[in-house]
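# Coordinates in review
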Amino acid sequence: MRRQDGFSYIGVMVTLVIAAIGMQGAAVMWQQQSQRSNEALLLETGEAYRLAIGRYYESTPQPVKQYPIRLEELIEDKRFPVPKRHLRKLYADPFVVKQGMTLIMRDGRIVGVHSQSLLAPIRSSGYQESQSGFHGAKHYREWLFVYEPNTLADLELAWVNR
């Protein structure tokens with residue numbers, strides 16, 4: 001009988017190691033791409049909430065402007081004879097899908113939203129003027145989408161030019 005040296009076995013093992021290294025690199029790239037996608041979705045969702053809260057606040061029929069008490073008021077604002085829609089639906093936090101966005105309250109009313117994610121943002125520049133507080137944020141939860149009175153026109157312009 002002829003002696004077998006096991007070259008095929010070693011060749012298969014080397015191939016498996018190379019494939020595993022390639023798969024690991026692909027997984028890292030996929031994870032980073034997924035985070036970039038969620039980051040863009042968070043910016044879109046947060047700005048949609050900020051704009052809806054601003055429209056609700058600025059369209060208050062009474063002389064004293066009010067923020068909404070519940071997010072559902074943004075979907076159907078019943079303060080008018082014909083209800084207004086400032087938001088189509090309630091959006092989930094892209095990073096914590098099972099939760100909605102976390103509310104930022106002031107005097108029992110909603111002034112803004114933010115994420116609960118503790119991931120570090122990938123994006124470091126290119127923010128809109130209304131997002132100037134996002135520079136240097138260590139976590140996505142530091143991205144606060146708060147509506148400040150009398151900024152609705154600027155927010156709508158930024159929304160159109162995004």
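On a predicted model such as this, the values are computed, not experimentally measured, just so you know.

What follows deals with a nonpolar patch on the surface. Together, Tyr9, Ile10, Val12, Met13, Val14, Leu16 and Ile18 make up a nonpolar patch on the protein surface, roughly 710 Å² of accessible area in all. Mapping tyrosine 9 onto the fold places it in helix H1 (residues 7–58). Looking at tyrosine 9, the relative accessible area reads 59%, which means it is exposed.

Turning our attention to the pairing of strand S1 (residues 102–106). Of the pairings in the sheet, the one linking S1 to strand S2 (residues 109–114) comprises five bridges and is antiparallel in character. Bridging from a neighbouring strand, methionine 105 pairs with isoleucine 110 of S2. In textbook terms, the turn of a hairpin is the stretch between consecutive antiparallel strands, and for S1 and S2 this stretch comprises two residues, one of which, aspartate 107, has a positive phi near 55°.

Taken as a whole and assessed by the stated rule, the structure comprises five salt bridges. Note that glutamate 156 is salt-bridged to arginine 55, the shortest N-O span being 3.0 Å. In this pair, glutamate 156 sits in helix H3 (residues 152–160) while arginine 55 sits in helix H1, placing the two residues 101 residues apart along the sequence. Taking the shortest distance from any N to any O, the salt bridge between arginine 106 and glutamate 148 comes out at 4.0 Å. In this pair, arginine 106 is assigned in strand S1 and glutamate 148 in the loop between strand S3 (145–146) and H3, connecting sequence segments 42 residues apart. Overall, the relative accessible area of 39% leaves arginine 106 in the partly exposed class. Judged by relative accessible area, which is 39%, glutamate 148 ranks as partly exposed.

Conventions adopted
- Residues numbered from 1 in each chain as written.
- Predicted model: local features only at pLDDT ≥ 70, side-chain atom pairs only at ≥ 80, totals over all residues.
- Heavy atoms only, no water.
- Patch = residues over 30% accessible without salt bridge, like charges linked within 9 Å, V, L, I, M, F, W, Y side chains within 5 Å.
- Areas by Shrake-Rupley, 256 points an atom, 1.4 Å probe, with all protein chains shown as cover.
- Salt bridge = Lys/Arg side-chain N within 4 Å of Asp/Glu carboxyl O.
- Helix = DSSP H or I, 4+ residues; strand = E, 2+ residues; numbered from the N terminus.
- Buried < 20%, exposed > 50% of the residue type's maximum accessible area, 1.4 Å probe, protein only.
- Pairing = 2+ DSSP bridges.

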